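Residue-level structural notes
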Amino acid sequence: MSDSIKLAVAGLGTVGVGTIELLDKQSDLLMERSGKRIEIVAVGARDKSKDRGVDLSKFEWFDDPVDMAKNASADVFVELIGGSEGPAKNACEAAIAAGRHVVTANKALIAEHGTALAVAAEKADVVLAYEAAVAGGIPVIKALREGLAGNRIQRLQGILNGTCNYILTTMRETGRSFDDVLSEAQELGYAEADPSFDIDGVDAAHKLAILTSVAFGTEVDFASVHIEGIRHIAVEDIEYAGEFGYKIKLLGICERTAHGIQQRVHPAMVPEEAPIAGVEGVFNAVVTEGDFVGTTVLEGRGAGAGPTASAVVSDIVDIAAGRLVHAFGVPAGALEPSAPASLDDHSGSYYVRLMVDDQPGVFAEIAAELAKHEISIEGVIQRSRSETEAVPVVMTTHETSEAAIKEVLSAFDALDAVREKPHMIRIESF
Ligand code: NAP
Ligand code: HSE
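Residues numbered from 1 in each chain as written. Chains lettered and ligands numbered in written order. Predicted model: local features only at pLDDT ≥ 70, side-chain atom pairs only at ≥ 80, totals over all residues. Heavy atoms only, no water.

What follows concerns a nonpolar patch on the surface. Taken together, the side chains of F363, I377 and V380 present a nonpolar region at the surface, about 220 Å² in accessible area. Considering the arrangement of structural elements, one finds V380 in strand β14 (residues 377-381). Classification of V380 by relative accessible area gives partly exposed; the value is 42%. (Patch = residues over 30% accessible without salt bridge, like charges linked within 9 Å, V, L, I, M, F, W, Y side chains within 5 Å. Areas by Shrake-Rupley, 256 points an atom, 1.4 Å probe, with all protein chains shown as cover. Salt bridge = Lys/Arg side-chain N within 4 Å of Asp/Glu carboxyl O. Helix = DSSP H or I, 4+ residues; strand = E, 2+ residues; numbered from the N terminus. Buried < 20%, exposed > 50% of the residue type's maximum accessible area, 1.4 Å probe, protein only.)

Let's shift gears to the site of ligand 1. The environment of ligand 1 is made up of 25 residues, and the closest members are D47, R52, K107, E192 and G304. Between an oxygen atom of ligand 1 and a main-chain N or O atom of G13, the distance comes to 3.1 Å. Contact between ligand 1 and R46: an oxygen atom at 3.0 Å from a side-chain N or O atom of the residue. Residue composition of the shell around ligand 1, grouped by class: 10 nonpolar, 8 polar and 7 charged. Counting the residues that make up the shell around ligand 1, at least three belong to each of domain 1 (4-133) and domain 2 (140-303 + 334-343). (Near = heavy atom within 4 Å. Polar contact = N/O pair within 3.5 Å; in protein donor to acceptor, adjacent residues only side chain to side chain. Nonpolar A, V, L, I, M, F, W, Y, C, P; charged D, E, K, R; others polar. Domains from an automatic or database assignment.)

With that settled, consider the domain arrangement of the protein. One frequent convention defines the size of an interface as the accessible area lost when the parts assemble. Segmentation of the protein into domains returns domain 1 (4-133), domain 2 (140-303 + 334-343) and domain 3 (346-427). For domain 2 and domain 3, the distance between their C-alpha centres works out to 26 Å. Every contact between the two is made by 19 residues of domain 2 and, on the other side, 16 residues of domain 3. Of all residues in domain 2, the largest losses of buried area upon contact with domain 3 belong to Y240, F244 and M269, amounting jointly to 40% of the total for that side. Where domain 2 touches domain 3, the interface holds 3 salt bridges. Here D237 makes a salt bridge to R353, at a shortest N to O gap of 2.7 Å. At the junction of domain 2 and domain 3, the tally comes to 5 residue pairs in polar contact (both at pLDDT 80 or more). When contributions to the side of domain 2 that touches domain 3 are tallied by element, the ones reaching two or more residues are α11 (235-244), β9 (246-257) and β10 (260-271). (Contact = heavy atoms within 4.5 Å. Buried area = accessible area lost by both parts, 1.4 Å probe.)

Bringing the packing of aromatic side chains into the picture now. A full pass over the atoms with the stated rule returns 3 aromatic pairs. Pairing Y166 with Y190 gives two aromatic rings, centres 5.6 Å apart and planes at 70°, and the pair type is edge-to-face. Residue Y166 is located in helix α7 (residues 162-174), and its partner Y190 is located in the loop between α8 (178-187) and α9 (196-199); the two are separated by 24 residues in the primary sequence. For the pair formed by Y166 and Y190, the shared burial category is buried. Note on F244 and Y351: the rings are 6.4 Å apart at their centroids and 80° apart in plane angle, and the pair reads as edge-to-face. Taken together, the positions of F244 in helix α11 and Y351 in strand β13 (residues 347-356) put the pair 107 residues apart, joining distant regions of the chain. Note on Y351: relative accessible area 0%, which makes it buried. (Phe/Tyr/Trp six-rings, centres within 6.5 Å; stacked < 30°, edge-to-face > 60°.)

Attention now goes to the nonpolar core. By size, the foremost hydrophobic cluster in this structure holds 85 residues, and its most contacted members are F77, Y130, I210, I230 and F328. Take this core: its biggest share by element is 10 residues, from helix α10 (residues 202-216). Dropping the residues within four chain positions of it, Y130 is found in contact with T104, I110, I141, R145, I210, V214, D315, A327 and F328. The next biggest cluster of nonpolar side chains, apart from the first, holds 34 residues, and it includes V17, V54, F59 and I316. (Core = buried A, V, L, I, M, F, W, Y, C linked by side-chain atoms within 4.5 Å.)

In the vicinity of ligand 2, the residues found are K107, N161, G162, T163, Y190, A191, E192, D198, D203, K207, G302 and A303. G162 has a polar backbone atom sitting 2.7 Å from an oxygen atom of ligand 2. Contact with the protein chains hides 94% of the accessible area of ligand 2, taken as 250 Å² for the molecule alone. Tallied by class, the residues present in the shell around ligand 2 amount to 3 nonpolar, 4 polar and 5 charged.

Laid out in structure tokens, this is it:
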């Protein structure tokens, strides 16, 4: 058996360069831990002339990742390009067909094609590894798949997008605008190539779909994730959340319910004293409920060069050390078909902000609609006065159904005194 393992690295952006730097700086440590010298033999990206701040002259260069996947003399193809279709997918398929292990940080690819790629990898007797695809530097895939293998997971909740958590935290702490903070997250290398994936909740949904599959042993079912992003979160919602004792976080939640497996990504108010509320900035966290272990909380940096490279390299070390495991914890052919539950079957508490005319009888109309839909108010704030401008009526509800809240929001929207589409944020307990 060879005493080295050879890598071909496709993609030399934030994560690609971070991975090359880590492999270089920690080479002796990685050899001790894996029993093999880990050696890059080929690299590739679009633009060969770009200065990436690392010496690439000793590696074979490929412009085309599919060519690299087929022809580089590597044991492992490391895909750090991104995107669920096109070059990343074609190259991973080609690498598997050529009998090479695949390590990827690409959640879009695994969320959309994870089951098919895992089936292909098992047929080719190679590994498909994707620790870096979920929650950056937190080793959550290994924790869930190996560390919690003795448990049935009932529910998993997580802060899964570093960009959104960074934006929400910074808006709350500084009062700066959404757009301003988003630009900063892009400069720091946290955001996806298309940042709408981050702020519209798609990136978190990709990660949630992968976690659901590992947690419940089901086929990856990204299409069934209910997705809402954070574009509509206003600074005043963040301030009112604080007055009610909550912080706003973009959460990914999957759970087994009587109606099937529910997967949802949306902004949520979480109690300020809950551990997840203290997870700020680019940090991510995943909270799992297992039947024997109880609650487990994992927290760490969810994006950026160093944390993501740490996760990529952990997969490479596993392969080098011969720790070869099924991508989703069970043989890909044994994954159960997904049985999605509708969000209409969800029940919980809700925050609602209405912008209304400040005139007699308006609150009575609002209260009448709540009574009609059997929704009970838990708390309410209305303190400003204005003859001309709309004023906020802000409330939190006791537990009710998603169907009832949807109906009452439509009823509020139809009232003459309500000037803007009602704002609603779900409240989650921990
Ligand atoms: P990035 O900085 O945009 O880098 C992408 C790299 O892919 C660039 O080097 C680019 O080449 C190369 N590339 C793009 N299209 C190509 C093509 N058709 N052929 C060859 N090379 C191509 O992206 P990143 O942030 O490193 O992310 C890479 C992957 O890691 C994505 O799947 C992302 O979702 C995932 N990820 C990122 C983070 C993070 O914090 N950034 C965290 C976890 C996971 P050029 O440089 O020549 O343009
Ligand atoms: N854009 C992603 C985030 C990168 O902000 O979390 C890590 O997957």
